[in-house]
Amino acid sequence: MYEESIDLSHLPAEGLNLDRRVHLAAWRIQEPDWESRSDLVFDLFVLGNQHKAHVRGKFSAGISARCHRCLQPFDLELARKFRVTYLAPDQERFARDEIELHDSELEVSYMDKTYLPLHEMIHEQIFLALPMKFLCRADCKGLCPNCGVNLNEVECGCDQEQMDPRWASLKAIVNDPN
């Protein structure tokens, strides 16, 4: 598994540029509805020290997923640009029960060490780049709820107006002429 860290106490004053290509076998992720399928490519610029570090970067990676509507496998390219500021822990702030976050704090993480684990940061960004629902295409018709056929491939002829029996009495009220 890919692991790499940067010692922030030895970061050059002008910052550090990193370009990486991580082989598929080194970053493989397998989740119930998707898995990695190609190399992970990322570049980062890191500026700061062990108390405060700014990271600007982008990554791209290919995954294979199953469509949430028709259940067919398909390939998807993930790409994301990101900015994250890492701060040393603030024990006084952490001790409070509730903390109001400001817009500028939404891209902030806290470090508990003097080094920055790149693999954890990239792993987090991969998950943030995932869509809420995997769709093979925007107009995917999904599966027929009656016979289960893939509606993208054939029209099944099932009655698409079937109503949930729990709503039948309401329809009778609406259709009643009196």
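**Description of the overall build of the protein**
Reasoning step 1: Along its length, the protein carries 4 helices and 9 strands.
Reasoning step 2: Listing each helix as α and each strand as β along the protein from the N terminus yields β-β-α-β-β-β-β-β-α-β-β-α-α.
Reasoning step 3: Relative to its length of 178 residues, the protein is extended, with a C-alpha radius of gyration of 24 Å against a globular reference of 16 Å.
Reasoning step 4: Per-residue burial for the protein yields a buried fraction of 30% across its 178 residues.
Reasoning step 5: Sequence separation of 24 or more characterises 58% of the internal contacts of the protein that already satisfy a separation of 6 or more.
Reasoning step 6: When the accessible surface of the protein is totalled, it reaches about 12300 Å², and 49% of it is carbon and sulfur.
Reasoning step 7: Mean positive and mean negative side-chain charge positions of the protein (20 and 30 charges, respectively) differ by 5 Å.

**A few points about helix H3 (residues 118-129)**
Reasoning step 1: Between its terminal C-alpha atoms H3 stretches 16 Å, which fits the 16 Å expected from 12 residues at 1.5 Å a residue.
Reasoning step 2: Buried within H3 are the following residues: Leu118, His119, Met121, Ile122, Gln125 and Ile126. When H3 is viewed along its axis, its buried side chains cluster within an angular range of 160° and face the same direction.

**Some words on the packing of aromatic side chains**
Reasoning step 1: One pass over the structure, following the stated rule, counts 2 aromatic pairs.
Reasoning step 2: Each ring, one from Trp34 and one from Phe127, has its centre 5.6 Å from the other, and the planes form 70°; the classification is edge-to-face. One end of the pair, Trp34, is in strand E4 (residues 34-36); the other, Phe127, is in helix H3, with 93 residues separating them in the sequence.

**Some words on the layout of surface pockets**
Reasoning step 1: Here the largest pocket is characterised by a volume of approximately 180 Å³.
Reasoning step 2: Surrounding the largest pocket, Tyr86, Ser109, Tyr110, Met111, Asp112, Lys113, Tyr115, Leu116, Pro117, Glu120, Met121 and Glu124 form its lining.
Reasoning step 3: Secondary-structure elements contributing two or more residues to the lining of the largest pocket are strand E8 (108-110), strand E9 (115-117) and H3.
Reasoning step 4: Per-class residue counts for the lining of the largest pocket are 7 nonpolar, 1 polar and 4 charged.

**Concerning the nonpolar core**
Reasoning step 1: By size, the foremost hydrophobic cluster in this structure holds 36 residues, and its most contacted members are Leu40, Leu44 and Ile126.
Reasoning step 2: If you tally residues by element for this core, the top one is strand E6 (residues 52-66), at 6 residues.
Reasoning step 3: Those residues in contact with Leu44 that sit more than four places away from it in its chain are Leu16, Asn17, Leu18, Val55, Arg56, Gly57, Phe82, Leu118, Met121 and Ile122.

**Looking at the pattern of salt bridges**
Reasoning step 1: Tallying each qualifying case throughout the model produces 5 salt bridges.
Reasoning step 2: In this structure, Glu77 engages Arg37 in a salt bridge whose closest nitrogen and oxygen atoms are separated by 2.4 Å. Here Glu77, found in strand E7 (residues 73-87), pairs with Arg37, found in the loop between E4 and strand E5 (40-48); they are 40 residues apart in sequence, far enough to count as distant.
Reasoning step 3: Given the relative accessible area of 29%, Arg37 is considered partly exposed.
Reasoning step 4: Here Asp139 ties to Arg137 by a salt bridge, and the two come within 2.9 Å at their closest N and O atoms.

The rules we used
Residues numbered from 1 in each chain as written. Predicted model: local features only at pLDDT ≥ 70, side-chain atom pairs only at ≥ 80, totals over all residues. Heavy atoms only, no water. Helix = DSSP H or I, 4+ residues; strand = E, 2+ residues; numbered from the N terminus. Rg over C-alpha atoms; globule rule 2.2 N^0.38 Å. Buried < 20%, exposed > 50% of the residue type's maximum accessible area, 1.4 Å probe, protein only. Contact = heavy atoms within 4.5 Å. Areas by Shrake-Rupley, 256 points an atom, 1.4 Å probe, with all protein chains shown as cover. Lys, Arg positive; Asp, Glu negative; His and termini not counted. Charge placed at Lys NZ, Arg CZ, Asp CG, Glu CD. Expected span 1.5 Å × (residues − 1). Arc of directions from axis to C-beta. Phe/Tyr/Trp six-rings, centres within 6.5 Å; stacked < 30°, edge-to-face > 60°. 1 Å grid on protein atoms, 1.4 Å probe; cavity = no way out; pocket = protein on both sides within 12 Å on 5 of 7 lines; lining within 4 Å. Points joined across faces, edges and corners; volume = space filled by probe spheres on them. Nonpolar A, V, L, I, M, F, W, Y, C, P; charged D, E, K, R; others polar. Core = buried A, V, L, I, M, F, W, Y, C linked by side-chain atoms within 4.5 Å. Salt bridge = Lys/Arg side-chain N within 4 Å of Asp/Glu carboxyl O.

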